[in-house]
Amino acid sequence: MPRVRTLALVAGGAVLARRALRRRVASSPLWPLPALEEPVSGRPRSRALRLRVARHERVAEGVVQLRLEGTGLPPWTPGAHLDLVLPSGLVRQYSLCGDPADSSSYTVATRLISAAQGGRGGSREVHELREGTEVEVRGPRNRFPLATAPSYAFVAGGIGITPILPMLRAVEASGAPWRLLYGGRSRATMPFLDEVEKLGAGRAGRVTVAAEDADGLPDVAAFLGGAAEGAAVHVCGPEGLMEAVTAALPAGCSLHLERFSPRLSTEGDAAFEVELRRSGRTVAVAADSTVLAAVRAELPDTAYSCEQGFCGTCQQRVLEGEIDHRDELLTDDERAASMLICVSRARGERLVLDL
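Residues numbered from 1 in each chain as written. Predicted model: local features only at pLDDT ≥ 70, side-chain atom pairs only at ≥ 80, totals over all residues. Heavy atoms only, no water.

1. Observations regarding the overall build of the chain
Argument step 1. Looking only at helices and strands, one finds 9 helices and 18 strands in the chain.
Argument step 2. Split into buried and exposed, the 355 residues of the chain put 43% on the buried side.
Argument step 3. Look at the contacts in the chain between residues 6 or more apart in sequence, and 64% of them connect residues 24 or more apart.
Argument step 4. When the accessible area of the chain is evaluated, it comes to approximately 17,800 Å², of which 52% is carbon and sulfur surface. (Helix = DSSP H or I, 4+ residues; strand = E, 2+ residues; numbered from the N terminus. Buried < 20%, exposed > 50% of the residue type's maximum accessible area, 1.4 Å probe, protein only. Contact = heavy atoms within 4.5 Å. Areas by Shrake-Rupley, 256 points an atom, 1.4 Å probe, with all protein chains shown as cover.)

The structure is reproduced here in structure tokens:
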């Protein structure tokens, strides 16, 4: 009986201690943190998977393809991409270009971007991954889904063929009419070119390949001039290609874009301030700087990775202020109360973050 009474007293004391702790946290904005909801900074947007690099293959000049194998892989649809967590901790996004019906593996491809070309090391790490290596992935998720339409026109620039390729297979299997304009620096640098040309075989004009070294820049206006009314136009490639397609889009066609980099602002940026509510600090964001840079000057452990508005690592909850969203990731619901501080800004003079 004494032992039972002792255990009961210990258990009762633990319950009282937990209640006291909850009251302490709720009553004080400074111990240990303000009584707000937890921030979303650095949290994976989906559960992480550990996959094995089963195949590392060169598929074009400067382009490697990885086959990542695992079990219980979430399904995906054409246009989806993965977050690939690299050995250095960098997070990079790569479009899935394999078969959605294959539940045992994901396939991605990436072009090596040198430092002189603006690369920041992610693509080099991918190229150095070897067969047998385990990597962490998150996703898949899809911000570039295949639209439902009576016909399709696809425009791809270089590595931009990766999200387009599963779309071509799906549309071909459905029997819907489609056409493709595929451009690149040279045929040797254009991945999956053989498969693309085979998909278009037997129908003249279905696939147009424009290798810049031999054919010059692709004639986007001429290609889109043949699009039927109601066609869905899907584009993935550099910003110049996006602009050309947008300018030449025929009336009655819908436009669907997947960018390599964040959309550039067309308006002059202004300085503003950001209050960090949990930390009790306020930082100034210069017109030529970012919220991320200003925050990390005060809170150097703030999580970030891509700095381009794609990965979501730097997502923060916004408590007050109007947001100028410039990312390519967040949903409309997420944008109502959070932002990616690496690219997005304030529309006014002040924001309040849950940091």
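2. Some words on the environment of valine 91
Argument step 1. On the secondary structure map, valine 91 appears in strand β4 (residues 91-95).
Argument step 2. Separated by 215 residues in the primary sequence, valine 91 and cysteine 306 place their C-alpha atoms 6.2 Å from one another.
Argument step 3. Among all residues touching valine 91, those that are not within four sequence positions of it are Asp83, Leu84, Val85, Arg138, Ser305, Cys306, Cys311 and Thr313.

3. What to know about the packing of aromatic side chains
Argument step 1. Tallied over the entire structure, the rule returns 1 aromatic pair.
Argument step 2. Note on tyrosine 152 and phenylalanine 154: the rings are 5.9 Å apart at their centroids and 5° apart in plane angle, and the pair reads as stacked. Summarising the burial analysis for this pair, tyrosine 152 and phenylalanine 154 share the class buried. (Phe/Tyr/Trp six-rings, centres within 6.5 Å; stacked < 30°, edge-to-face > 60°.)

4. Describing helix α8 (residues 291-298)
Argument step 1. Every buried residue belonging to α8 is among Val291, Leu292, Ala294 and Val295, and all of these are buried. Seen from one end, α8 has its buried residues packed into an arc of 165°, which puts them on one side.
Argument step 2. Tucked inside the fold, the buried residues of α8 contact β12 (272-276), β13 (281-285), β16 (338-340) and β18 (350-353). (Arc of directions from axis to C-beta.)

5. Focus on the sheet that holds β12
Argument step 1. One open sheet accounts for 5 strands, arranged β13-β12-β18-β14-β16; its pairing is mixed. Among the strands making up the open sheet, the edge pair consists of β13 and β16. For this sheet, the mean angle separating the axes of adjacent strands, direction not counted, is 40°.
Argument step 2. The pairing of β12 with β13 spans 5 bridges and is classified as antiparallel. Bridge assignment links glutamate 273 to a residue of β13, and that residue is alanine 284.
Argument step 3. The sheet strands contacting α8 are β12, β13, β16 and β18, and the helix crosses β13 at an angle near 140°. (Pairing = 2+ DSSP bridges. Axes fitted to C-alpha atoms, helices over the stretch in contact; angles between N-to-C directions.)

6. Side note on the environment of tryptophan 76
Argument step 1. Within the secondary structure layout, tryptophan 76 lies in the loop between β2 (63-69) and β3 (81-85).
Argument step 2. Overall, tryptophan 76 belongs to the buried group, its relative accessible area being 8%.
Argument step 3. For tryptophan 76 and glycine 139, which are 63 residues apart along the polypeptide, the C-alpha to C-alpha distance reads 8.9 Å.
Argument step 4. Non-local contacts of tryptophan 76, meaning those with residues more than four positions away in its chain, are made with Leu96, Gly98, Asp99, Pro100, Tyr106, Pro140 and Pro166.

7. Considerations on the sheet that holds β4
Argument step 1. The strand order across the open sheet built from 6 strands is β4-β3-β6-β1-β2-β5, with neighbouring strands paired in antiparallel fashion. Of all strands in the sheet, those bounded by a partner on one side alone are β4 and β5 (105-111). The mean angle between the axes of side-by-side strands here comes to 40°, regardless of whether they run parallel or antiparallel.
Argument step 2. In this structure, β2 lies alongside β5, joined through 7 bridges in antiparallel fashion. Each residue of the ladder has a partner; that of leucine 66, found in β5, is valine 108.

8. Focus: the side chain of serine 344
Argument step 1. Among the secondary structure elements, serine 344 is positioned in the loop between β16 and β17 (345-346).
Argument step 2. We classify serine 344 as buried; its relative accessible area is 1%.
Argument step 3. Other than its neighbours up to four places away in sequence, serine 344 contacts Val291, Ile323, Asp324, His325, Arg326, Asp327 and Met339.

9. A short note on the environment of isoleucine 159
Argument step 1. Relative to the helices and strands, isoleucine 159 is located in the loop between β7 (152-157) and α3 (161-174).
Argument step 2. As for isoleucine 159 and methionine 190, which are separated by 31 residues in sequence, their C-alpha atoms are 7.1 Å apart.

10. Remarks on α3
Argument step 1. Between its terminal C-alpha atoms α3 stretches 20 Å, which fits the 20 Å expected from 14 residues at 1.5 Å a residue.
Argument step 2. Here the buried face of α3 lies against β4, β5, β7, β8 (178-184), α4 (193-199) and β10 (232-237).
Argument step 3. Two residues or fewer after α3 comes glycine 175, characterised by a positive phi angle close to 85°. (Expected span 1.5 Å × (residues − 1).)

11. Structural notes on the confidence of the model for the chain
Should pLDDT be low for a region, the predicted coordinates there are not to be read in detail.
Argument step 1. Here the chain shows a mean pLDDT of 85. Residues at 70 or above account for 84%.
Argument step 2. Note that pLDDT drops below 50 for residues 6-11; the model gives that stretch 0 contacts with residues more than four away or on any other chain.
Argument step 3. Per-residue pLDDT stays below 50 along residues 20-44; that stretch engages in 36 contacts with residues further than four places along the chain or on separate chains. (pLDDT = per-residue confidence, 0-100.)

12. Side note on the pairing of β3
Argument step 1. By the criterion of burial, β3 is predominantly enclosed, with 5 of the 5 residues buried.
Argument step 2. Side chains His81, Asp83 and Val85 of β3 all project onto a buried face; the interleaved residues Leu82 and Leu84 project onto the opposite face, where all are buried too.
Argument step 3. Sheet topology note: the β3/β4 ladder contains 5 bridges and is antiparallel. Looking at the pairing, leucine 82 lines up with tyrosine 94 of β4.
Argument step 4. Connecting β3 to the antiparallel partner β4 that follows it, the hairpin turn spans 5 residues, and glycine 89 within it adopts a positive phi of roughly 100°.
Argument step 5. When β3 meets strand β6 (residues 134-141), the two strands line up antiparallel, connected through 4 bridges. Across the sheet, the residue bridging to valine 85 is glutamate 136, located in β6.

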